[in-house]
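Observations on the three-dimensional arrangement
Next come the chains, spelled out residue by residue.
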Amino acid sequence: MTLDLQPFVRWIVDRFEPACRVGGIVGRYARKPGEETLGLYGVADVACVLHTIGELHPSDSERAAWRESFYELSDPQTGYIIERPPRHGRLHNTAFALGAMNLLGILPRAPLAFARDYATQDALAAFLARLDWAAGVYRDSHDGAGLASCMALAPGTVAPQWFGWYFSLADALFDPRNGLMGRGKPAGGDIDQIGGTFHYAFVYEHFRRRMPHGPQRIDAVLGLQLPAGDWDPQNNSWLTLDGLYLLTRSVRHCHHRPDDVRSAVRRIASTCYERVMDNGWRQREFVEHTVGAHMLTAAVSILAECQQFLSLDEIATDYPLQLVLDRRPFI
């Protein structure tokens, strides 16, 4: 059976994107349709969504509007790009915005002055040690992976050896029993680890580095998956992307339980397809949600990764979906 996503793609282009424009201007977006306040998780998310579905082709004047939107949200003194009021931390804000700017070929407004606080090996080690690896792996990964993504998205900000230090420190944080990052966790892992490890996974992928303990990670993530394909009923968008990406990218490197991974991906694709094609669910998740544009980014990213892993024969669009993480880190 082929899952035809093209009607959903057309809904994004014809209805969702125009409804998010602030003042009707391409390049200036609110967090959800119908709002009129410029939001970082609006401007950046719409760029991610349009890139994913192959519709990010701004004119020169539209690109200038995108640039001014990002610059309006930037702090030239520190280099941070900040949501007002903030929904995530400054490193998540900045990495997510820089990632979207990368899709548009827009450079940061100012150097990342905040990077000085993390530029040495000792400072980086102290920063990672301050993160909660016992109960907040998911939450703190926004900072841990956000920092590395910022440095990658602004080349020249730190010395080349900085990333060697980063991966050496990160490698030591994996639990060999489950292939996931964390301390004092169950032998089979937990969803806090899935959400957290995902954020570091795309940094590893960007630098073409292999995360350790791949077979154990696949076993743990498969073991925690729910029958419908999700991992957490309370977070069936972003955490689903997290588990999916860990499976698809890990199996590339170790070819462990490929048939089980494929079955797991098919369950995810089927469930996600049913949701996005349901008008009521679409309205609740993408239009009424406080950050509807951000939730849409999660959905199209899930479908893009499923399509790439399974094939266009199983998930059909006029043009192949393009996961933003294959272009640059952070989501």
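Everything that follows concerns the structure shown earlier in this document.
Residues numbered from 1 in each chain as written. Predicted model: local features only at pLDDT ≥ 70, side-chain atom pairs only at ≥ 80, totals over all residues. Heavy atoms only, no water.

All right, on to the environment of Arg249 then. Note on placement: Arg249 falls in helix 10 (residues 238-254). A residue is classified by how much of its surface remains accessible, and Arg249, at 4% relative accessible area, is buried. With 47 residues separating them along the chain, Arg249 and Phe202 place their C-alpha atoms 9.1 Å apart. In contact with Arg249, other than residues within four places in its own chain, are Glu205, Glu305, Gln308, Leu323 and Asp326. (Helix = DSSP H or I, 4+ residues; strand = E, 2+ residues; numbered from the N terminus. Buried < 20%, exposed > 50% of the residue type's maximum accessible area, 1.4 Å probe, protein only. Contact = heavy atoms within 4.5 Å.)

We now examine helix 5 (residues 121-130). The α-helix advances 3.6 residues per turn, and as a result positions three or four apart in sequence lie on the same side. Inspection of helix 5 places Leu124, Phe127 and Leu128 among the buried residues, and these make up the whole buried set. Burial along helix 5 is one-sided: seen end-on, the buried residues are contained in an arc of 95°. What points out from helix 5, more than 90 degrees from its buried face, is the exposed set Asp122, Ala129 and Arg130. Its buried side turned inward, helix 5 meets helix 4 (90-104), helix 6 (137-153) and helix 7 (161-171). (Arc of directions from axis to C-beta.)

Running from N to C, helix 6 and helix 8 (residues 191-206) point in directions that differ by 10°, and their axes come no closer than 7 Å. In terms of axis orientation, helix 6 runs roughly parallel to helix 8. Touching Val137, Tyr138, Asp140, Ser141, His142, Gly144, Ala145, Ala148, Ser149 and Ala152 of helix 6 are Asp192, Gln193, Gly195, Gly196, His199, Tyr200, Phe202, Val203 and His206, all from helix 8. Of the residues assigned to the contact of helix 6 with helix 8, the class counts are eight nonpolar, nine polar and two charged. (Axes fitted to C-alpha atoms, helices over the stretch in contact; angles between N-to-C directions. Parallel < 35°, antiparallel > 145°, perpendicular 65-115°, else oblique. Nonpolar A, V, L, I, M, F, W, Y, C, P; charged D, E, K, R; others polar.)

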